[in-house]
Amino acid sequence: MLARNAESLYWIGRYVERADDTARILDVAVHQLLEDATVDADRTSRVLLEVLGIEPPDGLRLDVWSVTDLVAFSHDHGVSISESIGKARENARGAREVTSSEMWECLNTTYNGLAAAERAARGLGPHEFFAYVKDRAAMFTGLADSTLSRDDGYRFLLLGRSVERIDMMVRLLLSRAGDRTSSPAWVTVLRSAGAHDTYLRTHRGALDAARVAEFILLDRLFPRSVFHALRVAETCLTELDQRPGSRVGARHEAQRVLGRARSELEFLPPGVLLENLQTRLLALQKACREVGEAVARQYFHAAPWVAWTDVRRGADAHVTVEGEL
């Protein structure tokens, strides 16, 4: 597969997942601000922006609509929901030969419907926009799973989705790492992750910070957990490297980083997860950055230009052609 197509699929997976997770997180935060008059809207909004990596504006008191404008609709920074969908569409436009027509139509229609969804949100409430994004992201994921062959293209798409999911779930937990274990805010974490109903069925309704953190980080069966996403990403990298492998250890840096992060979670002693939780989360966030950089170096490096010398015209005459190395 061409490096540019692999890179496009990887970033399509990341951008769609980012839009979906951001919509989930913002939807829950907005509901909390609208339903609970005792919540400090400015403080809650600034915490949310910090979690999502968006610089909060100075001298402006934030509320439901201002934070929605920044996170959902704004084009002033590259991490809003609208920007993420736009970037996913642009990557899909350049990789039409390795995506299905249904996937392209889904992203294109989603992008073209953003303006109408924003107008509906301003008239009926922000939930309209978030529901639109979540529904379209789910449709795209379903189309990708049902129309792509399980080849390298699908693996790059799934790898990007998994890496972004790890990063977003870690950001979500970081927003509550310093809260009391009895804080009702841990319910917000579950709802933002789309894990509330599954958690209640798993733990028979018992709400406890340690169990919530363990479920989001360590659960082996829930597809949005960090551990599950780590295993999926590891599998993708293993299947992408089809060359005869070394008999000792992982062959590439991305596999080593993912394996180390997964094993540190997998073999934690029971009951110690909340100890130094913030340190563990920051280490996972660093691992996501390192994996992204390692994958880019390994698979997406730019092809160098090869200069051929025409000896018939002298040593100073060159014909330059682009070569894939």
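Please refer to the structure higher up on the page.
From a predicted model like this one, the values you see are computed outputs, not experimental measurements.

Bringing the overall build of the protein into the picture now. Counting its regular elements, the protein contains 14 helices and two strands. Classification of the 325 residues of the protein by burial places 50% in the buried group. By sequence separation, contacts in the protein at least 24 residues apart represent 62% of the contacts at least 6 residues apart. On the protein, roughly 16500 Å² of surface is accessible, and the fraction owed to carbon and sulfur atoms is 50%.

As a packed pair, helix α1 (residues 3-35) and helix α2 (residues 41-52) sit with axes 11 Å apart at the nearest point and diverge in direction by 170 degrees. Considered as vectors, α1 and α2 are oriented roughly antiparallel to each other. For the pair α1 and α2, the contacting residues are Thr22, Ile25, Leu26, Ala29, Gln32 and Leu33 in the first and Ala41, Thr44, Ser45, Leu48 and Leu52 in the second. Broken down by class, the residue content of the contact of α1 with α2 amounts to seven nonpolar, four polar and no charged.

Let us now look at unusual backbone geometry. Within the chain, Asn276 stands out as a residue other than glycine whose phi angle is a positive 55 degrees. Mapped onto the fold, Asn276 is located in the loop between α13 (253-266) and α14 (277-299).

Right, let's get into the pattern of salt bridges. Side-chain pairs of opposite charge can arise where the charged atoms are in close proximity. Tallying each qualifying case throughout the model produces 25 salt bridges. Put simply, Arg256 and Glu253 hold a salt bridge, and the shortest N to O gap is 3.1 Å. Placement of the pair is Arg256 and Glu253 together in helix α13, with a separation of three residues, close to one helical turn. Judged by relative accessible area, which is 34%, Glu253 ranks as partly exposed. When salt bridges with common partners are traced through the structure, they connect Glu17, Asp20, Asp21, Arg24, Arg165 and Arg224 into a single cluster.

We now examine the packing of aromatic side chains. Summed over the entire model, instances satisfying the criterion amount to nine aromatic pairs. Each ring, one from Phe156 and one from Phe300, has its centre 5.8 Å from the other, and the planes form 50 degrees; the classification is tilted. Here Phe156, found in helix α8 (residues 152-174), pairs with Phe300, found in the loop between α14 and β1 (305-309); they are 144 residues apart in sequence, far enough to count as distant. Of the two residues examined, Phe156 and Phe300, each falls in the buried class. Here the aromatic rings of Tyr199 and Phe215 are separated by 5.6 Å at their centres, their planes lie at 85 degrees, and the arrangement is edge-to-face. In this pair, Tyr199 sits in helix α10 (residues 196-203) while Phe215 sits in helix α11 (residues 209-218), placing the two residues 16 residues apart along the sequence.

What follows is about the packing of α2 against helix α3 (residues 64-73). For the pair α2 and α3, interaxial distance at closest approach is 10 Å and the crossing angle is 10 degrees. Here α2 lies roughly parallel to α3, going by the angle between them. Crossing geometry of α2 relative to α3 is assigned as left-handed. Across from Ser45, Leu48, Leu49 and Leu52 in α2, the residues of α3 making contact are Val67, Leu70 and Val71. Considering only residue class, the contact of α2 with α3 consists of six nonpolar, one polar and no charged.

Reading the values: rules and limits
- Residues numbered from 1 in each chain as written.
- Predicted model: local features only at pLDDT ≥ 70, side-chain atom pairs only at ≥ 80, totals over all residues.
- Heavy atoms only, no water.
- Helix = DSSP H or I, 4+ residues; strand = E, 2+ residues; numbered from the N terminus.
- Buried < 20%, exposed > 50% of the residue type's maximum accessible area, 1.4 Å probe, protein only.
- Contact = heavy atoms within 4.5 Å.
- Areas by Shrake-Rupley, 256 points an atom, 1.4 Å probe, with all protein chains shown as cover.
- Axes fitted to C-alpha atoms, helices over the stretch in contact; angles between N-to-C directions.
- Parallel < 35°, antiparallel > 145°, perpendicular 65-115°, else oblique.
- Nonpolar A, V, L, I, M, F, W, Y, C, P; charged D, E, K, R; others polar.
- Salt bridge = Lys/Arg side-chain N within 4 Å of Asp/Glu carboxyl O.
- Phe/Tyr/Trp six-rings, centres within 6.5 Å; stacked < 30°, edge-to-face > 60°.
- Left-handed = near helix turned anticlockwise from the far one by under 90°.

Read these as layout, nothing more, since geometry by itself doesn't imply function.
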